[in-house]
Each structure stands twice: as C-alpha cells, then as structure tokens.
Amino acid sequence: MNSENSELYVLPLVIRIERAAPPERTDALEAAAMAVLSLLDDPGEWAAELHSWQSTGKIRKVVRRARGAEWRRALALPGRTIEHRTAEVRVHPPVPLDGWPRDLARLQVGGTELNDTAGPPPAEPPILWANPKLAMSAGKAMAQAGHAAQLAWWASDAAERDTWRARGLAVCARTAASQDDFDAMVAAGLPVVRDAGFTEIEPGSCTFVAEAPWLKGRVARS
C-alpha cells in the first residue's frame with residue numbers, strides 16, 4: 001500500500017469505563033501506552049496494517065469508551081487487551097479513517113473524564129511526562145501517551161528494547177512538576193509529541209515527553 005493511503009489510517013483504542021468502577025486516570029494512560037507498545041513489539045497477523053499506518057509517520061490514534069455489552073462487542077473484534085491495575089484497554093489493528101468496524105464506530109469518543117483517587121506508585125523509566133499547562137480529557141491524554149511511547153520505542157535500539165520487553169513494556173505516565181521542567185526535557189533531545197491539533201488543543205502543542213536514561217539526546221532538539 002502506498003504512503004498516500006497510509007496517511008488515512010488510524011489506530012483504535014478502547015477504554016473500558018463501567019459506571020460503578022471507572023479506572024484511575026493514570027492507569028488508563030499507562031495501559032494505553034502499553035497497548036500501543038504491545039502492537040509495535042509483536043504485530044502478529046496485523047503487520048501489513050501496522051506498516052500502512054506507520055509508513056508516513058502520521059501515527060493518529062483515537063480513543064473510544066465502552067461498557068457492558070459495548071465492551072463485550074469490542075472484545076469479539078480482532079485486537080488485544082491490556083489489563084493494568086484498574087484499567088483495561090483494547091487495541092485494535094489500524095483501520096482506514098473512514099472504515100471503522102461498526103461496533104467500534106458506534107462507541108463514544110467523549111465521556112472519558114477520569115480522575116485519580118489515590119497517588120500513583122513511584123515512577124520508573126520510561127516516564128511519559130505530560131505538559132502541565134495543557135488541559136486534556138483522559139481520552140486525549142491516552143492517545144498522546146500512546147504517541148510518546150511509540151516515539152520512545154522508535155528511538156530505542158534492539159538491546160534497549162530487549163530490556164524494556166523484559167520489564168513487560170512497562171511505562172509510567174506523570175504530569176511534569178512545572179513548565180520549566182517540561183521545557184527542559186523538550187530541549188534535552190528526548191522524544192516529544194507535537195499534536196496535530198485535530199481535537200482539544202492547538203496544533204503544534206508539545207503534549208508529552210518520553211524520558212529514560214537511554215533516550216536523552218536521541219532526537220534533534222527544537
């Protein structure tokens with residue numbers, strides 16, 4: 001498939017949000033990032049779809065929510081589920097932007113206003129740092145965390161990926177303590193997500209930085 005077509009692909013992510021027991025926001029962000037990494041590490045039968053989606057670097061992701069019967073229908077479609085503490089996220093193979101499976105297309109994008117009711121455990125690298133000045137819904141932040149994890153994966157060599165894989169492709173998602181801290185990481189040659197501006201925030205906004213000892217200086221500084 002040529003690169004023009006690959007620009008029209010999107011990666012669907014579905015977060016399970018039951019009314020009685022919604023997941024913690026941080027857990028949802030980390031689960032989304034780990035779901036993306038799982039597909040990158042082992043695309044299995046979806047290698048062709050993954051190649052078409054990645055080939056131009058336009059790695060668009062859309063997060064939708066499901067509960068009850070909606071979630072069971074999502075489980076019946078091709079994909080894989082990541083369970084991470086309180087969160088369950090299902091990643092599906094990339095689909096054309098205008099060709100979503102019906103049971104995914106009918107799911108809502110809005111309504112992902114999740115909160116953390118308790119402090120997350122101590123962070124270990126790789127850490128996906130959110131820009132503290134940007135207000136994002138949980139769904140938007142999940143997609144951005146997925147982007148950051150993907151950029152970190154691309155910036156890692158084979159040995160670093162092996163070490164990461166041995167840790168279960170774990171990531172931590174946190175909000176930077178200050179704008180100065182975030183800006184310093186942006187300037188340090190770390191993988192940085194610059195949003196295309198389709199939803200919620202201005203185009204070109206730096207949303208997340210991926211930090212790990214082996215990532216510093218891996219990308220061109222802004």
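Residues numbered from 1 in each chain as written. Predicted model: local features only at pLDDT ≥ 70, side-chain atom pairs only at ≥ 80, totals over all residues. Heavy atoms only, no water.

*Asks:* Looking at this structure, how should I read the environment of Arg-106?
*Replies:* Residue placement: Arg-106 occurs in the loop between α5 (102-105) and β6 (127-130). Expressed as a C-alpha distance, the spacing of Arg-106 and Arg-64, which sit 42 residues apart in the sequence, is 9.3 Å. (Helix = DSSP H or I, 4+ residues; strand = E, 2+ residues; numbered from the N terminus.)

*Asks:* Any chance you could explain the packing of aromatic side chains here in plain terms?
*Replies:* Any aromatic ring pair is given by two values, namely how distant the centres are and how the planes are angled relative to each other. Within this structure, the stated rule accounts for two aromatic pairs. For the pair Trp-153 and Trp-164, a centre-to-centre distance of 5.6 Å together with 55° between the ring planes defines the contact as tilted. Of the two residues, Trp-153 sits in helix α6 (residues 138-155) while Trp-164 sits in helix α7 (residues 158-166), which places them eleven residues apart along the sequence. Taken individually, Trp-153 and Trp-164 each receive the classification buried, so the pair is uniform in this respect. (Phe/Tyr/Trp six-rings, centres within 6.5 Å; stacked < 30°, edge-to-face > 60°. Buried < 20%, exposed > 50% of the residue type's maximum accessible area, 1.4 Å probe, protein only.)

*Asks:* Which parts of the structure should I look at to understand the sheet that holds β6?
*Replies:* In spatial order, the strands read β7-β6-β9-β8; together these four strands make up an open sheet with mixed pairing. The open sheet is flanked by β7 (172-175) and β8 (192-194), the only strands paired with a single partner. For this sheet, the mean inter-axis angle between neighbouring strands, taken without regard to orientation, is 20°. As defined by bridge partners, β8 adjoins strand β9 (residues 206-211) across three bridges and the pair is classed as antiparallel. The residue bridging Val-192 from the neighbouring strand is Val-209, located in β9. Here helix α2 (residues 25-41) sits on the sheet in contact with β6, β7 and β9, set at roughly 130° to β7. (Pairing = 2+ DSSP bridges. Axes fitted to C-alpha atoms, helices over the stretch in contact; angles between N-to-C directions. Contact = heavy atoms within 4.5 Å.)

*Asks:* What is the right way to read the pairing of strand β2 (residues 61-66) from this model?
*Replies:* Each regular strand displays side chains that alternate between the two surfaces of the sheet. Within β2, six of the six residues are buried, leaving the element largely enclosed by the surrounding structure. Alternating positions in β2 separate into two faces, Lys-61, Val-63 and Arg-65 on one and Val-62, Arg-64 and Ala-66 on the other, with burial throughout. Of the pairings in the sheet, the one linking strand β1 (residues 9-16) to β2 comprises six bridges and is parallel in character. Bridging from a neighbouring strand, Pro-12 pairs with Val-62 of β2.

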